[in-house]
Each structure stands twice: as structure tokens, then as C-alpha cells.
There are 2 protein chains.
Amino acid sequence: MANDNLGPYFALIYEVGIINQIGTAFLEARLPGDLLVSHFGVVSHLIRVCDGATPMELARAFQVAKTTMTHTLAGLEKHGFVEMRPNPGDKRSKQVWLTPAGQQFRDDALTQLAPLFEALGERFSSERVAAMLPDLAEFRSVIDRLRDEMK
Amino acid sequence: MANDNLGPYFALIYEVGIINQIGTAFLEARLPGDLLVSHFGVVSHLIRVCDGATPMELARAFQVAKTTMTHTLAGLEKHGFVEMRPNPGDKRSKQVWLTPAGQQFRDDALTQLAPLFEALGERFSSERVAAMLPDLAEFRSVIDRLRDEMK
DNA sequence: TGTTATTGGTGCGATGTCGTACTATACAGT
DNA sequence: ACTGTATAGTACGACATCGCACCAATAACA
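Residue positions are given per chain, counted from 1 along the sequence in the order it is written. The order in which chains are written sets their letters, starting at A; the order in which ligands are written sets their numbers, starting at 1. Confidence filtering applies because this is a predicted model: local features only for residues at pLDDT of at least 70, side-chain atom pairs given and counted only at 80 or more, and all residues used for totals across whole chains, interfaces and linings. Side-chain metrics rest on all non-hydrogen atoms present in the structure, leaving aside hydrogens and water.

Quick look at the protein's contact with DNA strand D
Applied cut-off: Distances are taken per atom, and a residue is near a molecule or strand as soon as one of its heavy atoms is within 4 Å of it. In the analysis that follows, any N or O atom pair within 3.5 Å is treated as a polar contact, provided that within protein one partner can donate a hydrogen and the other can accept it, and provided that, for residues neighboring in sequence, both atoms belong to side chains. Helix numbers and strand numbers start at the N terminus; a helix is a DSSP run of H or I with at least 4 residues, a strand a run of E with at least 2.
Inspection of the region around DNA strand D gives 21 residues, with Thr68(A), Pro55(B), Met56(B), Arg92(B) and Lys94(B) positioned closest. The sugar-phosphate share of atoms of DNA strand D within 4 Å of the protein amounts to 65%. Thr67(A) places a side-chain nitrogen or oxygen 3.5 Å from a base oxygen of DNA strand D. Arg60(B) places a polar side-chain atom, nitrogen or oxygen, 3.4 Å from a phosphate oxygen of DNA strand D. Those elements that provide at least two residues to the surface near DNA strand D are α4 (66–78) of chain A together with α3 (55–62) and α4 (66–78) of chain B.

Printed below as a string of C-alpha cells:
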């Protein structure tokens, strides 16, 4: 592959980086003071994917170091949004369970975010976004596997 | 807009976050020890877009805080990859100019990265990536403007 | 069963990023 | 010209993330 074809890959990395920056800043500006997108992400994952996940499962889901997830979970626990219980199937491990306060936090955040997505939807429809997702997800899956193989 | 349509937006943020994580880790693993993707990005920008850019232009291009760009540029300067000169048109400002060593750094990095993109290209063609770019760029542009308006 | 390698989680130090405050310069309105 | 406001860059402190080292528990295997 000649260097002339590298352009698109770098352009993708660039766009993804910028969107991530703006998106994170956008969301965090509408989240209660000391809560970050990472906190919101974990709570959402517990609701949408599976409650009672282990810290390692969460770290893998968000592709962050396990120490980072420990830190994020400690913050959520301090706010009383999650509860750490021992994992009945593995004494090394734990399970992360959402509390009612955690549910409430997510509901409130969604309410705060609603007007933002309202405005966004008028300029870039959710259908268009949905149409972009399969390719993005496949690309993510490809580099994810590539990463494991080159480990 | 009902909440059922929020899904795609969150999914996009999620995918973008993961791709950013994996992509950054991937690139950084192949960059000389203490150089980061942010350094590579700045040098690339100076080559591809415009040499002699001001720190603020760079900060805006990558959507990072200006203090972050100061830090990144200090690193590049310490390595002798860029040179800071006074901006002839504005005494508050500076200009960032690439040195031959900076050029060399970028060439070397691209060489290191080549096999990676080789492997990637076999599984996800640069044409497919190129096809994704217009929508991503437009989405980026939309949220960028939205951000300014809500400032 | 005993030994070794692997995995889940945490403590710790290093560092990248950010927000705030500050200085110097530029610009706008009078 | 003068005065208030905005902008470019930096210093500093706060903190999120990471890699490394470590321990406990599990898995692999002889």
C-alpha cells in the first residue's frame, strides 16, 4: 500500500479525535459538577447492557486501563450510584450494581441533555447518525482484533 | 424528539470514544518513547496544512485547551522538532515553524506506522474509510458550530 | 497434588489535560 | 487619545488516565 492511501486513515483518526473532544466537553458541561462522561458511560452500560458487570468487563467495554476503571468506580460509589458486591463465582472479582440513586442520576442527566439533542437533531438527523454506525462499529471491531493479534 | 431516537447519538459517542482510545494507543506504541499522538498531530498539521501556524490556531484545530497546546509545543521544542518565533503581525502571538529534525521525525514515524496500516488495509480498505469521512466531517462541523452558539 | 502461569483488583508515581488567574498586546467605541 | 473589552500566551494547581508493582485467587498442567 502506497503512502498516498494513508490519508484517509489519518483523517479518520483526526475526525474521531475532534468529535470525541467536542462530544465529551458538551456532555460534561451538562452533567452535575464532579461527574464525568466516564461515570455516565458506566451507569448507562449497567442499565443498557448488563447490571452486575465486573470492573474488568467495564474496563474492556470502554477500552480503558483497569486502574482507570477502579478510579471511576470509586467515584460512582462515593456518590452512592453503584454498589460493589463480591462476585459469587470468583473470589478475586467483584460485581458492580446500580442503586436507585444511580438510576436517578441517569434519568436526570438524560433530561438535562434533551434540549441539546433536540437542537442537534434539527441539523443532523438521528437517522443519518444511525446510518454511519455499522461502518464505524465494524472499523472499531477490526482495529480491536488487530490490536489483540499484535499484542 | 422522543428519547427513543437518542440511541444513535450515544452510540456514535461510544464508538468514537473507543476508536479514539484504540487508535491513540496503537499509534503511541509505535512512536519514539516520550512522543505522543498530539505531537505527531501537530507536526503533521504543520506539514500538511500550514507551517508557521500560531499556538492558538493549533489549539483550535485540535480542539484542545490553549494550555494543553503550550505544553505539547514545549515538548516538541525540547526535542528540537519545532522552533517558536515571534509573530511579526501580532506581538502577543508566536509562530510555530518546523525544523528539519521535525520533518525527519514525521518521516520516521510514517515508516514505523507503515506495516500497521498495511495490515489494517487488508481488513478495512482505505476506500471504505474515505467513504465514511464526509459524514463524519459534517457531523463534526455541526457540533462544532452548535458548541459556539451555546457558548 | 503441587507447581507455574494467568487473571482481577488496588496502591502508587508519572504525566497529559484542563480551568483559573495573570500579563501583555490589540481592538472598539467614545 | 482614552478607556474598556477581547485575545495570545504562560504559570499554577487539580485531577483523570496510565504503567508498574503487588497480592489474592484461579487455571493449566505435570
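Once you've had a look at it, read on.
Structural notes on helix α2 (residues 37–48) of chain B
Residues and elements named next belong to chain B. Rules: To estimate how far a helix should extend, the number of its residues minus one is multiplied by 1.5 Å. Three exposure classes are used, based on accessible area relative to the maximum for each residue type with a 1.4 Å probe and protein chains only: buried under 20%, partly exposed in between, and exposed over 50%.
Between the first and last C-alpha of α2 there are 16 Å, a value that for 12 residues agrees with the 16 Å anticipated at 1.5 Å per step. The buried fraction of α2 amounts to nine of the 12 residues, a majority that puts the element mostly inside the structure. Restricting attention to buried positions, one finds in α2 the residues Val 37, His 39, Phe 40, Gly 41, Val 42, Val 43, Ser 44, His 45 and Leu 46.

A closer look at the interface of chain B and chain A
We count it as follows: Should any heavy atoms of two residues lie within 4.5 Å, those residues are counted as being in contact. The term buried area denotes the loss of accessible surface (1.4 Å probe radius) that occurs when two parts are joined, taken as the sum for both partners. Any Lys or Arg side-chain nitrogen found within 4 Å of a carboxyl oxygen on Asp or Glu counts as a salt bridge. Lys, Arg, Asp and Glu make up the charged group, whereas Ala, Val, Leu, Ile, Met, Phe, Trp, Tyr, Cys and Pro make up the nonpolar group; the residues left over, Gly among them, are polar.
Contact residues are listed per partner, giving 57 residues for chain B and 58 residues for chain A. Both sides together, the interface formed by chain B and chain A hides about 6,200 Å², and carbon and sulfur atoms give 75% of it. If you look at where chain B meets chain A, you find seven salt bridges. Its salt-bridge partner being Arg123(B), residue Glu149(A) comes within 2.7 Å of it at the nearest N-O pair. The interface formed by chain B and chain A includes 13 residue pairs in polar contact (both at pLDDT 80 or more). Listing elements by their share of the side of chain B that touches chain A, those giving two or more residues are α1 (7–29), α3, α5 (100–123) and α6 (126–149) of chain B. Residue composition of the side of chain B that touches chain A, by class: 38 nonpolar, eight polar and 11 charged.

Examining the protein's contact with DNA strand C
Looking at DNA strand C, there are 21 residues lining it, with Pro55(A), Met56(A), Arg92(A), Lys94(A) and Thr68(B) nearest. Each atom of DNA strand C within 4 Å of the protein was assigned to sugar, phosphate or base; sugar and phosphate come to 66%. Between Lys66(A) and DNA strand C, the recorded distance is 2.9 Å, taken from a side-chain N or O atom to a base nitrogen. Within the contact set of DNA strand C, a phosphate oxygen lies 2.9 Å away from a side-chain nitrogen or oxygen of His71(B). Secondary-structure elements contributing two or more residues to the surface near DNA strand C are α3 (55–62) and α4 of chain A together with α4 of chain B. When residues in the surface near DNA strand C are grouped by element, the largest group, four residues, is from α4(B). Taken together, the residues of the surface near DNA strand C break down into five nonpolar, nine polar and seven charged.

Brief notes about the packing of aromatic side chains
For clarity, the threshold we go by: Any two of the Phe, Tyr and Trp rings considered here, Trp counted by its six-membered ring, make a pair once their centres fall within 6.5 Å; the pair's planes then place it as stacked at under 30 degrees, edge-to-face at over 60, or tilted in between.
Tallied over the entire structure, the rule returns 14 aromatic pairs over all chains. The interplanar angle of 40° and the centroid separation of 5.4 Å between the aromatic rings of Phe117(A) and Tyr9(B) together place this pair among those described as tilted. Of this pair, Phe117(A) sits in helix α5 (residues 100–123) while Tyr9(B) sits in helix α1, which puts the two residues in different chains. Here Phe117(A) falls in the buried class, since its relative accessible area comes to 3%.

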